[in-house]
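# Topology and contacts: notes
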Amino acid sequence: MEEPIFIRDDIFKSGVNGLSVVANKCNRCGKIAFPKTKYCVHCFNKEMTEVEISRRGKLYSYTITHYPVSKFNPPHAIGLIDLPEGIRIHTPLVMGNKEFKVGSEMEMVIGPVWMEDGKAVIGYKFKDINN
Amino acid sequence: MRDVVILGIGQTMFGKLPNSTVDELGTQAAERAIEDAGIHPKDIQVAYGARAVDAQVSVQSILRRIGITQIEMHNVENACASGSTAIHLLWKDIAYGIYDIGIVIGVETMTTSSLAGRLIPPAGKDDLNRLIGVTMPSSFALIGRRLMEARGATREDLAYPSFKNHRNACMNPFAQYKKAFTIEEIINSKVICDPLTLYECCPFTDGSASVILCSEEVAKRHTTKLIKIASSVIMTGTYDIVEKDITNFTQLERLAKIAYEKAGIGAEDLDLIELHDAFACEEICAYEALGLCPSGEGLAFMNSGATEIGGKIPVNPSGGLLSLGHPLGASGTRVVCEVTSHLRGEAGQRQVRDAKVGMAEMVGGYLAGMTNPVVGGIQILTK
């Protein structure tokens, strides 16, 4: 089978439940680095464990860009999601029928985000579970 | 450490000048600064150029046109704080006695640069935020949204800094847009990254601003108006933490605290501030971070009119980046030129009355995992 193309290689992992987005957790202080760092930039410990980041979180803020950005055509929604493990990540959002609402429960969707040389490039987005 | 004096300032028109090259704009600003200082080009001992986009040996290319060669020259890139950084480096050279006089030239031709016509993405081709489509305006739009959601800011509140700064710019001959807008016109202009609209985002601009710094001893041969750099600080943000509350500009707060301490003053001593208002809503957060009002009271402080010319502490009397435009490398030098003209009493119609102490601030650069700018720079000037 052909290897999938990712928006960035170091943020995805293939497992028994399919693809997941991964971060690094420090074995000593427990802080999470996303995207991954080589060692813990908080306590400088070198031992890090790869962890899957939660697929559910709450929308902290959002904006809709009305210009082409990266490989996305407008409108392109960007959000900040608070994850239960105490990190907040930037993410593209799936545009639904309703307006986004701060505080909404959001769910990660992994799949093609754009095409490159005729091939789908895999990325992540978050989607309002009620929209 | 020696006192460092701002001996000369010079700037070009800021605007869409696609037929002007970096060399032409930089030369014009440098010549004006040299003339303003009342020195000969050959008096210059060291030179720093500040340019953030497509840069290579810019300062050498500019200064050879006015006969300055065979001295130490450097080119500095630090995103929107490039100009502040270059001034900081020259300030150190003079403060520590390495040189007695030098020049900084900040310059950028944004309208013909590789960034022209695009929303500016974070640096680095493989930066995760760049890949997922985060840009400068979207980063600040996320902050604007939080001001509305968590702080109760109205849509009109977010637009206010743009309203105020555009009104100030009508009195600034160097401004790209000398046009006042109503709050409604600002809110109803084209949406870029909602809630941010076109008139709440700084435009693409070409321009240059130059500053000549020297020791007090050299300055006294040329002038009796000694405008001094009371403190100069450049600091990098934290790379790994996404702020708990993104409307708290904690990096800027730390930076300002150091700048005040080094200058031996407090926020209450400032008579004016020129700061990075690339996006209107960020100015509101900066009021709190710079200690102009207690944390959480930025909106009430703003709505009291405190930051207008004639108010308690005028912010961006020049018109700011929103109306002057933001030629990245030139903005950090331009804010020092602006504060200097107020302290000299030469700012014309927009003059802040009896100004004795002023702050020039620039922040810039974003990377994945951060909601704080990567670089911040502050210079506090006194007379």
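Presented here is a report on the structure given in the accompanying data block.

About the thresholds
Residues numbered from 1 in each chain as written. Chains lettered and ligands numbered in written order. Predicted model: local features only at pLDDT ≥ 70, side-chain atom pairs only at ≥ 80, totals over all residues. Heavy atoms only, no water. Helix = DSSP H or I, 4+ residues; strand = E, 2+ residues; numbered from the N terminus. Rg over C-alpha atoms; globule rule 2.2 N^0.38 Å. Buried < 20%, exposed > 50% of the residue type's maximum accessible area, 1.4 Å probe, protein only. Contact = heavy atoms within 4.5 Å. Areas by Shrake-Rupley, 256 points an atom, 1.4 Å probe, with all protein chains shown as cover. Lys, Arg positive; Asp, Glu negative; His and termini not counted. Charge placed at Lys NZ, Arg CZ, Asp CG, Glu CD. Expected span 1.5 Å × (residues − 1). Buried area = accessible area lost by both parts, 1.4 Å probe. Salt bridge = Lys/Arg side-chain N within 4 Å of Asp/Glu carboxyl O. Polar contact = N/O pair within 3.5 Å; in protein donor to acceptor, adjacent residues only side chain to side chain. Phe/Tyr/Trp six-rings, centres within 6.5 Å; stacked < 30°, edge-to-face > 60°. Axes fitted to C-alpha atoms, helices over the stretch in contact; angles between N-to-C directions. Parallel < 35°, antiparallel > 145°, perpendicular 65-115°, else oblique. Nonpolar A, V, L, I, M, F, W, Y, C, P; charged D, E, K, R; others polar.

### As for the overall build of chain B
Helices and strands together make up the secondary structure of chain B, namely 13 helices and 11 strands. The C-alpha radius of gyration of chain B comes to 19 Å, within 12% of the 21 Å expected for a compact globule of 383 residues. Counting across all 383 residues of chain B, residues that qualify as buried make up 64%. Contacts in chain B between residues at least 24 apart in sequence constitute 77% of all its contacts with a sequence separation of at least 6. Element-wise, carbon and sulfur atoms account for 50% of the exposed surface of chain B, whose accessible area totals about 13,400 Å². In chain B, 35 positive and 44 negative side-chain charges are present, and the distance between their average locations comes to 3 Å.

### Re helix H3 (residues 82–95) of chain B
What sets the pattern is the α-helix's 3.6 residues per turn: residues three or four places apart point alike. Residues and elements named next belong to chain B. Here H3 is 14 residues long and its end C-alpha atoms lie 20 Å apart, about the 20 Å a rise of 1.5 Å per residue gives. Within H3, 12 of the 14 residues are buried, leaving the element largely enclosed by the surrounding structure. Inspection of H3 places Ser 82, Gly 83, Ser 84, Thr 85, Ala 86, Ile 87, His 88, Leu 90, Trp 91, Asp 93, Ile 94 and Ala 95 among the buried residues, and these make up the whole buried set. Two residues or fewer past H3, Gly 97 is found with a positive phi of approximately 80 degrees.

### Observations regarding the interface of chain A and chain B
By convention, interface size is frequently given as the accessible area that disappears when the constituent parts associate. At the junction of the two partners, chain A supplies 29 residues and chain B supplies 33 residues. For chain A, the biggest contributors to the area lost against chain B are A:Tyr60, A:Tyr67 and A:His90; these three give 24% of the whole. Inspection of the chain A/chain B interface yields 0 salt bridges. The interface formed by chain A and chain B contains 14 residue pairs in polar contact (both at pLDDT 80 or more).

### Overview of helix H10 (residues 280–289) of chain B
Of all 10 residues in H10(B), 10 are buried; the element is thus mostly enclosed. Backbone geometry just downstream of H10(B) places B:Gly291 in the positive-phi region, at approximately 80 degrees.

### Let's talk about the environment of B:Glu338
Residues and elements named next belong to chain B. Looking at the secondary structure, you find Glu 338 in helix H13 (residues 328–344). With relative accessibility at 1%, the residue Glu 338 sits in the buried group. Through-space distance from the C-alpha of Glu 338 to that of Glu 274 is 7.6 Å; in sequence the pair is 64 residues apart. The residues contacting Glu 338, other than those within four sequence positions of it, are Asn 172, Glu 274, Pro 317, Ser 318 and Arg 350.

### Digging into the packing of aromatic side chains
Residues and elements named next belong to chain A. As enumerated under the stated definition, the model contains 10 aromatic pairs over all chains in all. A ring pair is formed by Phe 12 and Tyr 124, whose centres lie 6.5 Å apart and whose planes are at 55 degrees; its orientation type is tilted. In this pair, Phe 12 sits in strand E2 (residues 12–15) while Tyr 124 sits in strand E10 (residues 119–128), placing the two residues 112 residues apart along the sequence. Tyr 124 sits in the buried class, given a relative accessible area of 1%. Taking the centre distance of 5.5 Å and the plane angle of 55 degrees together, the rings of Tyr 62 and Phe 100 count as tilted. One end of the pair, Tyr 62, is in strand E6 (residues 56–65); the other, Phe 100, is in the loop between strand E8 (88–93) and strand E9 (105–116), and 38 residues separate them in sequence. Across the pair, exposure class does not vary: Tyr 62 and Phe 100 are buried alike. Counting every residue linked through ring pairs, the aromatic cluster contains Phe 6, Phe 12, Phe 34 and Tyr 124.

### Quick notes on the packing of H3(B) against H13(B)
Residue and element names in this part refer to chain B. One can describe the packing of H3 onto H13 by two numbers: an axis separation of 5 Å at closest approach and a directional angle of 60 degrees. Judged by the inter-axis angle, H3 sits oblique to H13. Between H3 and H13, the contacting residues are Ser 82, Gly 83, Ser 84 and Ile 87 on the first element and Gly 329, Gly 332, Thr 333 and Val 336 on the second. Considered class by class, the residues forming the contact of H3 with H13 number 2 nonpolar, 6 polar and no charged.

### Points about the side chain of B:Thr109
Examined against the element boundaries, B:Thr109 turns out to sit in strand E4 (residues 101–109). In contact with B:Thr109, not counting residues within four places along its chain, are B:Ser20, B:Thr21, B:Val22, B:Leu25, B:Thr205 and B:Asp206.

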